[in-house]
Amino acid sequence: MRKPRLTERLASILLDKPLAVIGVLVVLLIFVGTQLPYLEVEAGFENFYSGPLREVRKQVNEHFVNDDYVYLVYKADDVFAARSLEEIRALGHAIEKVTLPVPEGEEPLFAVEEVTSLTTVKDLVGSDMNFRAEPLIPDPLPDDPEVLVAARARAFNNPVIKDNMISGDGKVAAATIRLSEQLKDAQKYVVVELIRDLCRKDEATGGQRDYLSGLPGLAADAGSVVNGG
């Protein structure tokens, strides 16, 4: 006598004990449904890299740092005014101190590697025999307004700064926030929101408007929508 195939045995169970099968399926569906709120969706591109591609991406990030940048754009009547520079410097320092909560007893996890803005960027200053890199904006800010006027002129004469960090009218400037490469997507969501909170506080107390952009911010927003946030 031929031994029944697996499909035939399954069909026999479905026909002979339909209520039991339905009960098992209902229990499984209920269990899966209870786990959905705990499902985390990775909105980044890391999971699309596997095998040799993952190793290549790792080496590229080690050589060229990484691509986890958040861009802060701030708008004021004049970004080179002393008040604007003080605000962006204070905001940059606050952003660099952003940490993620960790279990008690562990070292705090600093989420931001570096903030590059008009108050931290360096400019090349040359002479007949050599050149040196020095901060575009002195720290602390000088009392002499002519120093900031000269810094503004140097910024517009430097194509790297002019084409990447300031608008032609000097009313909009950009800062680059490089996140730690150790962060997972879920942690990036938290960091982006913490940075946004700092920007809201800055807008409430200062005279400039702040805007965030960049892949981590977009991924955070996408993940929040997918996860029902």
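On a predicted model such as this, the values are computed, not experimentally measured, just so you know.

1. A short note on the packing of aromatic side chains
Any pair of aromatic rings gets described here by the distance separating the centres and the angle formed by the planes. Applying the stated rule across the entire model yields 2 aromatic pairs. Arranged with centres 6.3 Å apart and planes meeting at 20°, the rings of tyrosine 69 and tyrosine 71 form a pair that is stacked.

2. Thoughts on the pattern of salt bridges
Enumeration over the complete set of coordinates arrives at 9 salt bridges. A salt bridge links aspartate 78 to arginine 152; its shortest N-O distance comes to 2.8 Å. Placement of aspartate 78 in the loop between strand 1 (69–75) and helix 4 (82–96) and of arginine 152 in helix 5 (residues 145–157) is noted, with a sequence separation of 74 residues between them. We note a salt bridge from arginine 89 to aspartate 139, for which the minimum N-O separation is 3.2 Å. Taken as a pair, arginine 89 in helix 4 and aspartate 139 in the loop between strand 6 (131–135) and helix 5 lie far apart in primary sequence, 50 residues in all. Here the salt bridges do not stand alone but share partners, grouping Asp123, Glu134 and Arg154 into one network.

3. Considering the pairing of strand 1
Residues Val70, Leu72 and Tyr74 line the buried face of strand 1, whereas the alternating positions Tyr69, Tyr71, Val73 and Lys75 sit on a face that is not buried. Both strand 1 and strand 7 (residues 172–179) contribute to a ladder of 7 bridges, which runs antiparallel. From the neighbouring strand, leucine 72 faces strand 7, where its bridge partner is alanine 175. Sheet topology places strand 1 next to strand 8 (residues 209–213); 5 bridges connect them, and they run antiparallel. Within the sheet, the bridge partner assigned to tyrosine 71 lies in strand 8 and is serine 213.

4. Thoughts on a nonpolar patch on the surface
Taken together, the side chains of Leu19, Ile22, Val26 and Ile30 make up a nonpolar region of the molecular surface, amounting to roughly 420 Å² of accessible area. With relative accessibility at 72%, the residue leucine 19 sits in the exposed group.

5. Observations concerning the packing of helix 4 against helix 7 (residues 185–205)
The description of two helices packed together rests on the angle between their axes and the distance between the axes. Closest axis-to-axis distance for the helix 4/helix 7 pair is 10 Å, and the angle between their directions is 155°. What the angle tells us is that helix 4 and helix 7 run roughly antiparallel. In this structure, helix 4 meets helix 7 at a crossing whose hand is right-handed. Where helix 4 abuts helix 7, its residues Arg83, Glu87, Leu91, Ala94 and Ile95 lie against Ile195, Leu198, Cys199, Asp202 and Thr205. Looking at side-chain class alone, the contact of helix 4 with helix 7 contains 6 nonpolar, 1 polar and 3 charged residues.

6. Notes on helix 7
Given a rise of 1.5 Å per residue, 21 residues ought to cover 30 Å, and the 31 Å separating the end C-alpha atoms of helix 7 matches this to within 8%. Residues of helix 7 that are buried include every one of Asp185, Lys188, Tyr189, Val191, Val192, Ile195, Arg196, Cys199 and Asp202, and no others. Angular distribution of buried residues about the axis of helix 7 spans 170°; they occupy a single face of the element. Facing away from the buried side of helix 7 by over 90 degrees, the exposed positions are Lys201, Ala204 and Thr205.

7. A look at the sheet that holds strand 8
The strand order across the open sheet formed by 4 strands is 4-7-1-8, and the pairing between neighbours is antiparallel. Single-partner strands in this sheet number two, and they are strand 4 (112–116) and strand 8. For this sheet, the mean angle separating the axes of adjacent strands, direction not counted, is 20°. Each of strand 1, strand 4, strand 7 and strand 8 is contacted by helix 4, which is oriented at about 170° to strand 4, the strand it contacts most.

About the criteria used
Residues numbered from 1 in each chain as written. Predicted model: local features only at pLDDT ≥ 70, side-chain atom pairs only at ≥ 80, totals over all residues. Heavy atoms only, no water. Phe/Tyr/Trp six-rings, centres within 6.5 Å; stacked < 30°, edge-to-face > 60°. Salt bridge = Lys/Arg side-chain N within 4 Å of Asp/Glu carboxyl O. Helix = DSSP H or I, 4+ residues; strand = E, 2+ residues; numbered from the N terminus. Buried < 20%, exposed > 50% of the residue type's maximum accessible area, 1.4 Å probe, protein only. Pairing = 2+ DSSP bridges. Patch = residues over 30% accessible without salt bridge, like charges linked within 9 Å, V, L, I, M, F, W, Y side chains within 5 Å. Areas by Shrake-Rupley, 256 points an atom, 1.4 Å probe, with all protein chains shown as cover. Axes fitted to C-alpha atoms, helices over the stretch in contact; angles between N-to-C directions. Parallel < 35°, antiparallel > 145°, perpendicular 65-115°, else oblique. Left-handed = near helix turned anticlockwise from the far one by under 90°. Contact = heavy atoms within 4.5 Å. Nonpolar A, V, L, I, M, F, W, Y, C, P; charged D, E, K, R; others polar. Expected span 1.5 Å × (residues − 1). Arc of directions from axis to C-beta.

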